[in-house]
Amino acid sequence: MLVSAGEEQKTRAISAVNAALRCRICLSVPKADLAYAQCCETIIGCLSCIEDNENMGNTNCPNCGQARFGRNLHRVAGWYDALGALAEDDDVPILERLF
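Our subject in this report is the structure included herewith. (Residues numbered from 1 in each chain as written. Predicted model: local features only at pLDDT ≥ 70, side-chain atom pairs only at ≥ 80, totals over all residues. Heavy atoms only, no water.)

## Structural notes on the side chain of N72
Rule in force here: Counting from the N terminus, the helices are DSSP H or I runs at least four residues long and the strands are E runs at least two residues long. Residue contacts are counted whenever heavy atoms from the two residues lie within 4.5 Å of one another.
Residue position: N72 is located in the loop between α2 (47-55) and β3 (73-76). Setting aside chain neighbours within four positions, we find N72 in contact with Y36, A37, Q38, C39 and Q66.

## Considering the sheet that holds strand β1 (residues 34-37)
Quick note on the threshold: We call two strands paired when DSSP finds no fewer than two bridges between them. The axes used here are C-alpha line fits, helices contributing only the stretch in contact, and every angle between their N-to-C directions lies in the interval 0 to 180 degrees.
Overall, antiparallel pairing links the 3 strands, which are arranged β2-β1-β3 in an open sheet. Only two strands of the sheet have a single partner each, and these edge strands are β2 (42-46) and β3. The average angle at which neighbouring strand axes cross in this sheet is 35°, direction not considered. Relative to β3, β1 runs antiparallel, the two being bridged by 4 bridges. Bridging from a neighbouring strand, A37 pairs with L73 of β3. Along the sheet, α2 contacts β1, β2 and β3; its crossing angle with β2, the most-contacted strand, is approximately 85°.

## Structural notes on the nonpolar core
If you look at soluble globular proteins, the nonpolar side chains tend to sit buried side by side. What counts here: Buried residues of nine kinds, namely Ala, Val, Leu, Ile, Met, Phe, Trp, Tyr and Cys, make up a nonpolar core once their side-chain atoms join them within 4.5 Å. Working definition: with a 1.4 Å probe on protein chains only, accessible area under 20% of the residue-type maximum means buried, over 50% means exposed, and in between means partly exposed.
Of all hydrophobic cores here, the largest spans 8 residues; its members are A35, A37, I44, L47, I50, C61, F69 and L73. Mapped onto this core, the elements with two or more residues apiece are β1 and α2.

Following this line, the structure appears as structure tokens:
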């Protein structure tokens, strides 16, 4: 099956979003608030997974390993709705292709 250049570009973009947003704990793309770690300046996954992990005594950043990173953890809210509103395709919404 031949894939158009536009479809290939969309597929690469979706893969990049998946990789960037994938939770370091549960390995899925979050459907709720994200967690951003200031220590490594990256989105590290589901805020709920990160908080649960920290409550279990794992206080190191799951991405870079910095100790006691909790005070440098930030909530990223509203991203899911914003992405869905901005990136819908005529055939299949991008969020359906993310999961």
